[in-house]
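# Per-entry structural report
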Amino acid sequence: MASNTEDGKSFARRDRLLEIESQVQKWWEENAIFRADSLKAPPKPGERFFGNFPYPYMNGYLHLGHAFSLSKLEFASAYHRLRGVNVLLPFAFHCTGMPIKASADKLSREIKTYGDPPVFPSALDDQINEPDTEIVEEVAKTAGKFKGKKSKAASKASSSKFQWEIMRSYGLSDAEISQFQDPYKWLTYFPPLAMEDLKAFGLGCDWRRSFITTEVNPFYDSYVRWQMRKLKKMGKIVKDLRSTIYSPLDGQPCADHDRASGEGVQPQEFTLIKMEVIPPFPPKLRALEGRRKVFLAAATSRPETMYGQTNAWVLPDGKYGAFEINDTDVFILTERAALNLSYQKLSRVPEKPSCLAELTGHDLIGLPLKSPLAFNEIIYTLPMFSLLLDKGSGIVTSVPSDSPDDFMAFHDLKTKPVLRAKFGIKEEWVLPFEIIPIIDDPEFGDKSAEKICKDYSIQSQNEKDKLAEAKELIYRGGFYEGTMLVGEFAGIRVKEAKNLIKSKLLELGQAVIYSEPATKVISRSGDECVVALTDQWYITYGEPEWKQQAKDCLASMNLYSNEARHSFEDTLNWLEQWACSRSYGLGTRLPWDEDFLVESLSDSTLYMAYYTVSHLLQKGNLYGSDTSSVKPEQMTDEVWDYIFCDSPFPESSDICSCLLKKMKQEFEYWYPFDVRTSGKDLIRNHLTFCVYNHTAILDKRYWPRGFRSNGHLLLNSEKMSKSTGNFKTLREAIQEFSAEATRFCLADAGDGMDDANFAFETVNAAILRLTKELSWMQEVIEGEGSFRKGPCSTYADYVFANEMNIAVQMTEKNYSEFMFREALKTGFYDLQAARDEYRFSCGKGGMNRDLLWRFMDVQTRIITPICPHFAEYVWREVLRNEGFVVKAGWPEADTPDLTLKLANKYLQDSIVSFRKLLQKQVSGSKKADRSAENRPNLGLIYVSEQYDGWKAECLKILQSKFDAETREFAPDNEILEALQQSDVWQGGNFKEIQKLCMPFVKFKKDEAIAVGVHALDLKQPFGEIEVLEENLELIKRQLGLEEIEILSAADSDAVERAGQYSSVLLQNQPSPGNPTAIFLFE
C-alpha cells in the first residue's frame, strides 16, 4: 500500500479506502459471496440475471477503458444481486489471434537486432504500436520497393517505442522480458494479473467459471471446434475467393481485432480503366515500345461517365512506376496501387510488384492516350495539383461535364496560358477539347459540373472545400436521378446503367476490378495492409434467410437506445461473408483444415453459453488442465449437442450421466443471457456476429435478450493514448485513487453512447465524499442519545422522509435502465443534499433519530452497486448489521408525495429569493447605513395564491393549446385568435390589452415548455401561506430576522403595511408560486 504522504500531500483518506477494500474483499472471498449456481426448478421471470462482457485480450494490463464498459455490467449485476436475484457474472480472457503473437515476434526481432538485453537507439519518442524499421524493411522487400526511397511507415518507425520498453513498463526485469518471446508465456502471465486487478476492483464475479481461449485450454478448444463443425454442416462456412483486408507481413487476412489502426475499414472497389499509351513512347518507356502494351490505369467509381473523357490527370511531382501485370500488359500507377494489385492476381509475379521503370508525373504529361468509351479518339495526360496518391491508382480520368474538380482544373488550363507554359503543355492537348454532355441531371442539366461551379462561385481548382461540397451534391443527384444521354444505354437511369457499363468494360478487357482498403489499415505487426483476393474459409453472414433470423432476434432485444439499434440495423444491412480462418497467431485449429486457425472474432461469438458449464468441466482451473471429472476428448459433438441444442441424451458417452444432466441444467437455467455490455465499436463486428451465431445454433428461446453499448472513455476530457501519456491502467487507478473512488468516477463518467469522461477532479472528490460520509455516520452512531425520538412530527421530518422515498424510487428506476450516472445523482448526490438540508432545517428541535437511521440504511443500500466496499464496511462495522449488504435487499419506501416535494422546492426557492431581496434592499442605496443596528428586523412576505381576471383567462386558453407530452403549443396565431374571442378582449382596447397580455402569455409559454404543464395551473397544488407559516422559524433563521409575517396580497390592509416600500411591492408583485417580501425596522 502507498504511504500516507507523497510529495508533501496526505493520502490518508485514500489509504483508508484501500484498507477497507482489502478487508471487505476477504469477507466476500471467505463466504463465496459471488458464487452462482443454478437451481433444479426453472427460474421464474426476474428470479435470475446473467450478464457478460467481451473477454479482453491478454497482451497487457487491463486499462480504464476496459473498466468503464465492464462497470456497466458490474453495476447492473450488483443492483440485481442487491434485490435478491440469483446473479451470474462470469469473466474470461481472450488469447486468440494476433495481439500476443505479434508482440512476441516483435520482441524476438528486437533481441535479434539489438541484443539481449537490447541496446536501442537513444532518440525515441514515446509512441506505441507504430511499425518498427525491420518490419517495414520486410514489407518493402515483399513489395518490390523503389531503391533509396524511405516509406512513410519507415519514417514513423524511427520514432516508435520498442516492445521491450513496453514490457519493462509493466515492471518486468530484463531476464523476465526475454521469456516473452514465447507467445505462450503471455498466457500464463497476464490472465492471473488481470484477475488480481478485477478482484481489487471489487468485481462480483464467479471466478470458478473463468478460462482462457486457444488450444492451450482443451475444453474450450473442443467447444470452438464443435461450433465450427456445426456451422459448416449447416452450410454457413464455405470456401471462396473474395477480397479481404490483408497483412503482407503476416501473410494472412487482417480482421478488425488484428489491427493496430483502421478497425472497421472494409475493401473499397474501383473500376481500373485501361488507357492505352499511343506510340511513340517517352524515353523512360521506350524499351517497352513494340514489346508490351502500356496503359495508364485510372481508378474510378463512375465507369458510366467514361464517354465524356477529355484527358487524364496525374500529380506532377507524384511518384509512379510502370508495373508488369502479365506477359503483355504494363500498368502505370503508384507503387501502393501496384502492391494491392499484386495481391489480386494482377501482377506477373504474385504478391511482388515488378517495376520496369520509375516515373514522375512530369514524365507522363502530354502522353497521348486511347481510352475506352471516350468519344475523343485521342486524349492527353495533364497535371492536376489536388490529386491524391494515397487513394486509387494516382491516375484519374477527366470528365469535366460531371466532375467539378475536373471542370475547374481543365478550365484553369484552358484559360491560363502561363500555367500551360509552366508545364510545357501544348495547346493542341487542351484547347480543341470541349465538354461532352453525357448525363441529364434534373436539377443541374447536362453540364452539371459547369452549372454548380457557377452557382457556387468557384473560381479555381484550389477551392477544395467548395469543390468537395459541389461534388457530393451533383454525384448523389446525378446517380439517383440522372439519365444517360449517350452510348448504348442512353435513356436508362444512371444507377441502373452503371453496372451494365462496368460489365461491358470488363468483358471487353478494357478495365479490371481493383480494390484497396477504404482508409489506411495498419496490422498489429506494424505493416500497412492491402486488399487481397484470398481463397479461404468464410462465414456466410448476410445470407438472406440467416440475416432475417438475425433481424428477428435484434427486434426482440433490449438495446437501451435508438442510436444503438440504428447501428445494429446498419451493420446487418452491409455485413456479408467474413473470413474466419488465419494461418498466423494463436487459437483453435479449423477441425477440417488444420493448416488454419479460427480467427479471433469467430471463436468469440457463442462462448457466453460455455460459461454455464465451464466450472463443471475445468473445476476452476483457467487453463483446463484439471481433467479429474471429465477428459476433453469425452466432449464429443453429441455431448455438446445434448447440452446446448436439445439433442437426445448421448448414450454412447462415458461421462457420468449426473454430470451431463447437471451441465444441461446449468445451461437451461442461465440461458438466454440478459445483457452483454460492450463499447459501441463492437456493434459492427463482434456483437452482430454474436446475434448471427446464436440464431444459427441455438433454439429461439435461447437467443440473447439485450446488449448495452457505451461510448469510449476520455481521460480528463482527452482521448486515452499511450503515445501521449494520457493513459491509465486499472491497476494504476486503484493504487492512485482506490477502487471505490474509481468506481464512483466511472459511474459519474456518462451513460449514453457518446464518449464519457473520467475526470481526476471527480475521482479525488469521491475520495473526500466517501470518507467524510463514513466519519459522519460514525459520529451519528456515537451521538445517538442526542437526537429526538419518535415518529415524524415536523415539516422538515416529513420532507426528509419524502426525499428518501423519492431517492429509493428514482434510483431503482435508473439502475434498472442502466442509467448509472443518474443513479449516482438520485441515490447519492440528491440524497446527500436532502440530508444536509434536513440538518439545517431542524433548528433547535434537532433531528429525528429514526429518520437518521433510516437515511443511513437507505444510503448504504442504494450506493452498494457502485461503491460496494464502502457500503459493506458501513453495513457491518458501523451499522452492525448481520449478513452482507450486497444481498441485503432493495430498501422499502412509501409512495413519494410529489406535492410535498413541490411545496418544499417552493419553500427553498422562496428563501433564496427573500435573501436576495433583503440584500438588495439593504445595499440598494450607496448612502445606506449597513450597520447591524440599522438592519431590518421585520419581514413582510406577500403571497398571491391564485391567478384571476385576465391572467386566469390567458392560462385557461394556454392550457387548451398545450400538448403536455411533447411540450409544444399550437401556433401563435391560433392562440391569439382564442384570446380575441375570450372575455379578456370583449369591449376593451385591442392594442392596450395585447400590450398587457402578450408578455405574460410569452412568459408562461416559455415556463411550460421548460418545466411542464403545471406551469399553467391557476394555483399551486398546496397552500402557499400554510407552507410559509409552518416554516417561519426556518425563514427567520435563514434571513437573520426577529419577526416574519405572512400576508395575502389580496388584502388591502396588508398591502398598506408596506408603507414607504409599497412601490417596491408594486415593482415585485407576487404571483402563484412566487411570493415577494419587503423588510422594515420595528
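Quick look at the structure, then. (Residues numbered from 1 in each chain as written. Predicted model: local features only at pLDDT ≥ 70, side-chain atom pairs only at ≥ 80, totals over all residues. Heavy atoms only, no water.)

Next up on the list: the packing of helix H28 (residues 849–862) against helix H29 (residues 868–878). Where H28 contacts H29, the two axes come as close as 8 Å, and the packing angle between them is 145 degrees. Read as a crossing pair, H28 and H29 show a hand that is left-handed. Two secondary-structure elements touch here, H28 through Asp857, Thr860 and Arg861 and H29 through Ala871, Val874 and Trp875. Residue classes in the contact of H28 with H29 are distributed as three nonpolar, one polar and two charged. (Axes fitted to C-alpha atoms, helices over the stretch in contact; angles between N-to-C directions. Helix = DSSP H or I, 4+ residues; strand = E, 2+ residues; numbered from the N terminus. Left-handed = near helix turned anticlockwise from the far one by under 90°. Contact = heavy atoms within 4.5 Å. Nonpolar A, V, L, I, M, F, W, Y, C, P; charged D, E, K, R; others polar.)

Taking 1.5 Å of rise per residue, the 13 residues of helix H17 (residues 544–556) would be expected to cover 18 Å, and the 19 Å separating its terminal C-alpha atoms lies within 8% of that figure. Residues of H17 that are buried make contact with helix H9 (218–233), strand E21 (530–539), helix H18 (562–574) and helix H22 (683–697). One side-chain oxygen of the residue at the start of H17 lies 3.1 Å from the amide nitrogen of Glu545, identifying that residue as Glu543. (Expected span 1.5 Å × (residues − 1). Polar contact = N/O pair within 3.5 Å; in protein donor to acceptor, adjacent residues only side chain to side chain.)

Time to look at the packing of aromatic side chains. Describing an aromatic ring pair means giving the distance of the ring centres and the angle of the ring planes. Throughout the structure, instances matching the rule amount to 76 aromatic pairs. A centroid spacing of 4.0 Å and a plane angle of 10 degrees characterise the contact between Phe120 and Phe162, whose relative ring orientation is stacked. Of this pair, Phe120 sits in the loop between helix H3 (98–114) and helix H4 (133–143) while Phe162 sits in the loop between helix H5 (152–157) and helix H6 (163–169), and the two are 42 residues apart along the sequence. Residue Phe120 is classed as buried on the basis of its relative accessible area, which comes to 15%. By relative accessible area, which is 6% here, Phe162 ends up buried. Taken together, a centroid distance of 5.9 Å and an interplanar angle of 75 degrees make the contact between Phe828 and Tyr829 edge-to-face. Residue classification places Phe828 among the buried residues on the basis of a relative accessible area of 1%. Between the NZ or CZ atom of Lys274 and the centre of the ring of Phe295, over which it lies, the distance is 4.8 Å. The ring of Trp776 has Arg835 sitting right over it, with the charged end atom 4.2 Å from the ring centre. (Phe/Tyr/Trp six-rings, centres within 6.5 Å; stacked < 30°, edge-to-face > 60°. Buried < 20%, exposed > 50% of the residue type's maximum accessible area, 1.4 Å probe, protein only. Lys NZ or Arg CZ within 6 Å of the ring centre and 35° of its normal.)

Attention shifts here to the nonpolar core. Judged by nonpolar contacts, the single largest core of 120 residues is most densely connected at Phe91, Phe93, Met167 and Phe758. Sort the elements by how many residues they give to this core and helix H2 (residues 64–82) lands first, with nine residues. Sequence-distant contacts of Phe93, defined by excluding residues within four places in its chain, comprise Tyr55, Pro56, Met58, Pro191, Ala194, Met195, Trp207, Ser210, Phe211, Ile212, Thr213 and Leu622. Ala92, Trp537, Ile683 and Val691 belong to the second largest nonpolar core, which has 73 residues in total. (Core = buried A, V, L, I, M, F, W, Y, C linked by side-chain atoms within 4.5 Å.)

This part is about the packing of H9 against helix H19 (residues 607–618). Following both chains from N to C, one finds H9 and H19 inclined at 145 degrees, their axes separated by 11 Å at the closest point. The hand of the H9/H19 crossing is right-handed. Where H9 abuts H19, its residues Phe219, Tyr220 and Tyr223 lie against Tyr607, Ala609, Tyr610, Leu617 and Gln618. Of the residues in the contact of H9 with H19, the class split is seven nonpolar, one polar and no charged.

Any functional reading would require information beyond the geometric quantities listed.
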